[in-house]
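So the chains spell out like this:
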Amino acid sequence: QTKNVTFNIERVKKALTENKLLLGLILIASFFLFKNLDHFYLWPDEAETAVLAQNILEYGYPRAWDGNNIITQNAEKDFNDQYVWTWSPWLQLYITAGSFWLFGTNTFSARLPFVLIGLASICFFYFFTRRISESDRVAQIASTLMITSIPFLLHARQCRWYMAAVFATIWMLYAYLKLQKQEKFAASHLTLSSILLFHSNFLAFFGILGGIILHYLYCHFRGLAKPLLKSMVIQILTSLLFIVPWIIYSKAWDKSNPFEEYALPVLSRILALFIKYLLFINSFFFPFLFLVCIVWIFLKRKKGDDNTTWENTVLILFPIVCTILFLSVMPWMYFRYLIALVPLCCLLLGIIINKIMDSSRIAAYSILLLLIFTNVFSLTMPPYQMRFDFFNYLYEITHDYDGPNEGIVNYLKKHGQADQFVITNYGQLPIMFYTNMRTIGFGQDLITTEKADWIIVRRRRGYQKYLQSLSTGYQAIRIDYPDIPWGNRPDPVYHQYRTVMKAPRIVLYKR
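Below is a short write-up of the structure. Being a predicted model, the structure only gives us computed values, none of them experimental.

A short note on the overall build of the chain
Next up, step 1: From N to C terminus, the chain includes 21 helices and five strands.
Next up, step 2: Dimensions along the principal axes, computed over C-alpha positions, put the chain at roughly 85 × 65 × 50 Å.
Next up, step 3: Out of the 511 residues belonging to the chain, those deemed buried represent 55%.
Next up, step 4: Taking the intrachain contacts of the chain between residues at least 6 apart in sequence as the baseline, contacts between residues at least 24 apart amount to 72%.
Next up, step 5: With an accessible surface of roughly 23300 Å², the chain has 61% of that area assigned to carbon and sulfur atoms.
Next up, step 6: Of the charged side chains in the chain, 48 are positive and 33 negative; the average position of the first set lies 7 Å away from that of the second.

Put into structure tokens, the structure is as follows:
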């Protein structure tokens with residue numbers, strides 16, 4: 001037994017010695033992710049997860065009605081007749097509930113498990129990249145890009161499904177690689193990772209699965225090594241046993257946007273979304289200027305050469321393309337749906353930079369630094385605006401930040417009472433989470449004869465004129481917090497890295 005303990009300690013020491021760079025990357029990423037993690041209040045989407053997690057601790061399942069508040073942002077299409085949450089899979093909710101049970105209900109514990117999953121994703125990605133590329137250098141470059149990816153960092157600090165989807169995506173492709181080589185337990189890996197990815201976000205699941213199936217067909221027609229068809233079919237069918245019941249129960253096909261009237265014809269809208277997703281990819285994930293390098297890798301191949309680099313590049317490309325195509329036909333359009341592609345794009349860039357390094361190390365390192373600190377390679381497409389998001393992000397996590405949810409919640413906690421009634425046209429979920437006040441807001445019918453104790457009119461939202469009329473005779477209280485949309489969501493297109501000083505201030509109306 002003593003020999004076994006000594007042997008295991010030696011294995012750990014050896015692993016740490018051989019992966020010093022990975023250890024350094026994890027330490028750096030920990031600073032980026034944990035620094036002032038609870039400094040920013042939960043914005044509405046995070047608060048939705050947190051309030052449902054609280055209800056899990058109370059009822060054992062995600063109930064949208066707790067006797068005081070209804071949790072909805074989608075015109076009450078988020079739950080069924082029994083108030084059971086059906087808008088999104090429950091994995092993120094139970095993860096958050098587990099953290100609340102262990103560490104208490106607060107902002108830090110809401111985000112903690114997802115940060116930890118993000119760190120695990122970085123570690124897993126390093127070893128996955130080293131395996132698929134058969135190169136330590138590619139793994140080091142790709143992992144460096146991942147821990148400095150601003151979309152990755154912003155979404156990793158959220159009480160939301162994003163990091164579970166990132167981890168499951170890496171795992172699913174790793175399982176497919178193992179299945180290709182017919183390794184032990186490969187089938188189990190593919191089944192479990194598929195289930196995890198679906199219950200993180202089913203949009204990401206269908207995109208990644210489509211890419212894997214497309215790669216299988218590519219290998220079939222090229223006469224390359226591929227998993228046995230029987231193994232693939234069995235594992236996909238096994239996964240569906242844990243997926244189809246949820247699809248049926250939640251009526252996943254009926255998740256249309258209740259607030260959007262589609263002015264464009266179907267095909268025109270699909271094309272418009274496809275182009276917009278491509279612009280997101282170019283601006284924040286993979287500058288399309290580097291597509292020239294992919295063509296170069298293809299043309300540089302010679303007959304009889306080891307084509308591992310090219311074949312692995314194809315394996316990465318297929319899930320990216322399939323995900324974009326799949327998202328383009330969906331009724332919702334959000335940047336966040338692309339987040340599972342961050343590791344794939346970083347891996348693709350790692351392969352390209354590694355190839356450039358074979359010819360010129362100075363050019364390769366210069367490109368790497370420019371990719372980390374600027375968006376200079378993305379200026380080939382709109383909006384042609386130079387950004388330095390990495391430095392902005394460092395500023396954000398090391399300085400004070402005042403957002404609308406923080407201002408509203410703090411004022412209500414100081415001057416309101418838990419049994420009071422609040423009406424607002426946006427931001428009701430953070431109020432519910434932090435104050436327990438009865439609140440109705442965005443996604444609900446706000447027309448009521450009941451006299452509210454507090455009325456909060458957020459700009460750029462519906463019901464503004466109606467709420468202004470209700471507030472007649474109320475005391476108007478202006479607080480020094482900006483009335484910006486959403487409360488600073490992680491989408492880097494809209495994200496504000498500094499407190500917005502020029503925006504109108506929040507106004508609360510007290511009865």
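Still more to cover.
Here's the deal with the nonpolar core
Next up, step 1: Core analysis: the largest hydrophobic core is formed by 134 residues, its most contacted members being Phe-128, Leu-145, Met-146, Phe-286, Phe-290, Leu-338 and Ile-353.
Next up, step 2: Examining the composition of this core, we find that 14 residues originate from one element, helix 8 (residues 162-180), more than from any other.
Next up, step 3: Setting aside residues up to four positions removed in sequence, Phe-290 forms contacts with Leu-349, Ile-352, Ile-367, Leu-371 and Phe-377.

Section: the environment of Ala-452
Next up, step 1: Tracing the sequence through the fold places Ala-452 in the loop between strand 2 (438-440) and strand 3 (454-456).
Next up, step 2: Taking the C-alpha atoms as reference points, Ala-452 and Ile-440, 12 residues apart in sequence, are found 9.9 Å from one another.
Next up, step 3: If near-sequence neighbours (up to four positions away) are discounted, Ala-452 is found in contact with Phe-421, Ile-423, Tyr-474 and Arg-511.

Regarding the packing of helix 5 (residues 107-133) against helix 16 (residues 342-359)
Next up, step 1: Interaxial distance between helix 5 and helix 16 falls to 11 Å at its minimum, and their mutual angle equals 45°. As summarised for this structure, helix 5 and helix 16 are arranged oblique, according to the angle between their axes. The handedness of the crossing between helix 5 and helix 16 is right-handed. Contacts between helix 5 and helix 16 pair Phe-125, Phe-128, Thr-129 and Ile-132 from the former with Pro-343, Cys-346 and Leu-347 from the latter.

Comments concerning the pairing of strand 5 (residues 505-510)
Each regular strand shows side chains that alternate between the opposite faces of the sheet.
Next up, step 1: In this structure, strand 3 lies alongside strand 5, joined through three bridges in antiparallel fashion. Considered in strand 5, the bridge of Ile-456 is made with Leu-508.
Next up, step 2: When strand 4 (residues 475-482) meets strand 5, the two strands line up antiparallel, connected through six bridges. From the neighbouring strand, Gln-475 faces strand 5, where its bridge partner is Lys-510.

With respect to the layout of surface pockets
Next up, step 1: Put simply, the second largest pocket is a space of about 450 Å³.
Next up, step 2: In this structure, the second largest pocket is lined by 21 residues; those nearest its centre are Phe-284, Arg-387, Pro-492, Val-493 and Tyr-494.
Next up, step 3: For the lining of the second largest pocket, the secondary structure elements donating two or more residues are helix 13 (266-285) and helix 18 (389-398).
Next up, step 4: A per-element tally of the lining of the second largest pocket places helix 13 first, with five residues.
Next up, step 5: Classifying every residue of the lining of the second largest pocket gives 11 nonpolar, six polar and four charged.

Some remarks on unusual backbone geometry
Next up, step 1: Unlike most non-glycine residues, Asn-36 shows phi in positive territory, near 50°.
Next up, step 2: Overall, the relative accessible area of 27% leaves Asn-36 in the partly exposed class.
Next up, step 3: Backbone geometry places Gln-182, a non-glycine residue, at a positive phi of 55°.
Next up, step 4: Overall, Gln-182 belongs to the exposed group, its relative accessible area being 52%.

With respect to the sheet that holds strand 4
Next up, step 1: The five strands lie next to each other as 2-1-3-5-4, forming an open sheet whose pairing is mixed. Sheet topology places strand 2 and strand 4 at the edges, where each strand pairs with a single neighbour. Ignoring which end each strand starts from, the neighbouring axes of this sheet average 20° apart.
Next up, step 2: Sheet topology places strand 1 (residues 421-424) next to strand 3; three bridges connect them, and they run parallel. Of the residues in strand 3, the one forming a bridge with Thr-424 is Ile-456.
Next up, step 3: Helix 20 (residues 428-435) rests against strand 1, strand 2 and strand 3 of the sheet, and its axis sits at about 175° to strand 2.

What counts, and at which threshold
Residues numbered from 1 in each chain as written. Predicted model: local features only at pLDDT ≥ 70, side-chain atom pairs only at ≥ 80, totals over all residues. Heavy atoms only, no water. Helix = DSSP H or I, 4+ residues; strand = E, 2+ residues; numbered from the N terminus. Buried < 20%, exposed > 50% of the residue type's maximum accessible area, 1.4 Å probe, protein only. Contact = heavy atoms within 4.5 Å. Areas by Shrake-Rupley, 256 points an atom, 1.4 Å probe, with all protein chains shown as cover. Lys, Arg positive; Asp, Glu negative; His and termini not counted. Charge placed at Lys NZ, Arg CZ, Asp CG, Glu CD. Core = buried A, V, L, I, M, F, W, Y, C linked by side-chain atoms within 4.5 Å. Axes fitted to C-alpha atoms, helices over the stretch in contact; angles between N-to-C directions. Parallel < 35°, antiparallel > 145°, perpendicular 65-115°, else oblique. Left-handed = near helix turned anticlockwise from the far one by under 90°. Pairing = 2+ DSSP bridges. 1 Å grid on protein atoms, 1.4 Å probe; cavity = no way out; pocket = protein on both sides within 12 Å on 5 of 7 lines; lining within 4 Å. Points joined across faces, edges and corners; volume = space filled by probe spheres on them. Nonpolar A, V, L, I, M, F, W, Y, C, P; charged D, E, K, R; others polar.

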